[in-house]
Amino acid sequence: MSGSAAIATTVFGLAMIATIVIGVLSARGRDKGLAEWSVSSRGLGVLFIWLLMAGETYTSFSFLGTAGWSYSFGVPILYLVAYLTVGFAVGYVVGPAIWTYASRHGLISIADLAEHRFRSRPVGILVAVIATVFLVPYIQVQIQGMGVVVNAMTYGSVDLKVAAVISFVVAEVFILVSGLRGSAWVSALKDVLVIFAVVFLAVYVPMHYLDGLGDFMHRMVAEKPEWLTFPGHESGGKGGMWFVSTTLLNAVTITIFPTTVAGYLSAKSPNALRRNAVLLPWYQLLLFVPMMIGATALFVLPALGNPDLALFSLVTDSLPAPLVALIGVAGALSAIVPMSVFMLAIGTLWGRTLLGGGNGADPRSRRTGRTPADDVRTKRLSQLVCLIAGLIALGGALFYPNTLVQLSVLSYEGLAQLVPVVLLALFWRRMTKAGALAGLFTGLAVVVALWATGNDPLYGVNGGIVGLVANLVVAAAVTFARPAGQEPAPRPPGRTPTTGTDQAPATPAAPKEAP
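Please read all numbers here as calculations on a predicted model, not as lab measurements.

### Overview of a nonpolar patch on the surface
Thinking step 1. A grouping of Leu384, Leu387, Ile388, Leu391 and Ile392 is seen on the molecular surface, where their side chains present a nonpolar patch of about 420 Å² in accessible area.
Thinking step 2. Following the sequence through the fold, Ile388 ends up in helix α18 (residues 372-399).
Thinking step 3. Residue class for Ile388 comes out partly exposed when judged on its relative accessible area of 40%.

### What to know about the nonpolar core
Thinking step 1. Membership of the largest hydrophobic core comes to 139 residues, with the highest contact counts inside it found for Leu201 and Leu418.
Thinking step 2. In terms of residue count, helix α17 (residues 321-354) provides more of this core than any other element does, 19 residues in total.
Thinking step 3. Those residues in contact with Leu418 that lie beyond four places of it in its chain are Ile110, Val127, Ile130, Ala131, Ile256, Leu423 and Leu440.

### Structural notes on helix α8 (residues 121-153)
Thinking step 1. With 33 residues, α8 extends 47 Å from end C-alpha to end C-alpha; this agrees with the ideal 48 Å at 1.5 Å per step.
Thinking step 2. Of all bends in α8, the biggest is about 25 degrees, found at Val133, and the proline Pro137 comes one to four residues later.
Thinking step 3. Just downstream of α8 lies Tyr155, where phi reads positive at about 55 degrees.

### What about the environment of Ile143?
Thinking step 1. On the secondary structure map, Ile143 appears in helix α8.
Thinking step 2. Between the C-alpha atom of Ile143 and that of Phe168, which follows or precedes it by 25 residues, the distance is 6.9 Å.
Thinking step 3. Excluding its chain neighbours within four sequence positions, the residues that come into contact with Ile143 are Ala164, Ser167, Met339, Gly390, Ala393, Leu394 and Ala397.

Definitions and limits used
Residues numbered from 1 in each chain as written. Predicted model: local features only at pLDDT ≥ 70, side-chain atom pairs only at ≥ 80, totals over all residues. Heavy atoms only, no water. Patch = residues over 30% accessible without salt bridge, like charges linked within 9 Å, V, L, I, M, F, W, Y side chains within 5 Å. Areas by Shrake-Rupley, 256 points an atom, 1.4 Å probe, with all protein chains shown as cover. Salt bridge = Lys/Arg side-chain N within 4 Å of Asp/Glu carboxyl O. Helix = DSSP H or I, 4+ residues; strand = E, 2+ residues; numbered from the N terminus. Buried < 20%, exposed > 50% of the residue type's maximum accessible area, 1.4 Å probe, protein only. Core = buried A, V, L, I, M, F, W, Y, C linked by side-chain atoms within 4.5 Å. Contact = heavy atoms within 4.5 Å. Expected span 1.5 Å × (residues − 1). Bend = angle between axes of the 7 residues up to and from the residue.

Structure, rendered in structure tokens:
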């Protein structure tokens, strides 16, 4: 092992130990129940909510895929900044509404929301299963992204598969012990390193390889104009219609993403979410840096075999080992934080909805009250599922690296089909269970069919939008085909599990601060 590789590997090892220590210590003195583990007892303030949700948006894809897309296609990568920013604007309204509804009824996941709204445990189970199917590929993508980052930052001395196992172990240790709070604390370390890394690279890379940002822009306009206009360079049809439809689809979908909802429900109040929605778009400015570095690599490494290595190829080529290591650790933590939250979200979905007896939304099966022993048992089941989900993704990363990753293309489009069941149904009180389910299955069938036949995008339109439109049309048709009053309305006012006081009707239309 060379001296540079030894330095980088040592820094990486120390960073992983520090990550585990920070994550584990964050749980000291805290309640050991499911609510604390899954949503931090709804006690995180603006800063930690910002760190947690920012950590979910800046993943290993931000270091690898963003630079890679910029290198390969050019301007289509701007959809990433566009949909996240629009999504936070939508979240300004949706987040407080979901928080109020969930807090009022003691709910902790999107499966809980669906189960309570339709008073049907099978609906909650279906939502949990679908969400899991489309989340597991995201975990595998982060594990494999971590492997690529660590292999590059250690100059090839740490094998891809070894790095994948390390990332899994680090994420599982602190998420099993500390839950969502541990992810928030680790995200604080990650964001410090990320901000340092991208600000430094924004100045250093164009100065080192070109004559500054001005020269970079002049050369892009003069030599690479195809990268600066839609549909970009050989992007496979990612033109203006694809950009707009993908931005709209992802902006709405991210508001009901299981990990996003976990962030919502961990907040102290709706106002914390509103302030967070105002602050988060500024964080997305950091994404322009890997985009610029990927474009710079066009001039430095015009024949790069793997575009995803555009950023780290320039970093390892031009910087000393200690700086390479710090930037690599930032990239590694950008995989570990979202990976841990994805696994926690799956554990929460299954632990209570499928294995823990549900949330008691159906009056015919409602339990008289959950005991501390019930809560501990449910938490343990959630942790077990969290571990199993991680092991499945790790197995895919080690033995079938291309199988589940191919499905990640479908992830956002598949999860988008849950929007009517989880979100629209809270506002549209007449939506029936039959309508919601008919729409959901129709949307999923359309999305899978378009993907399987190679027709996504369809005439330039994101296939997920096509599926969601079909979903909504069928849900509305089935709902209106059944006369009002034939299906029970949402559960009437009752006693909240958390306060024991009478509450307003179960609708988030006019959210207000919880007592």
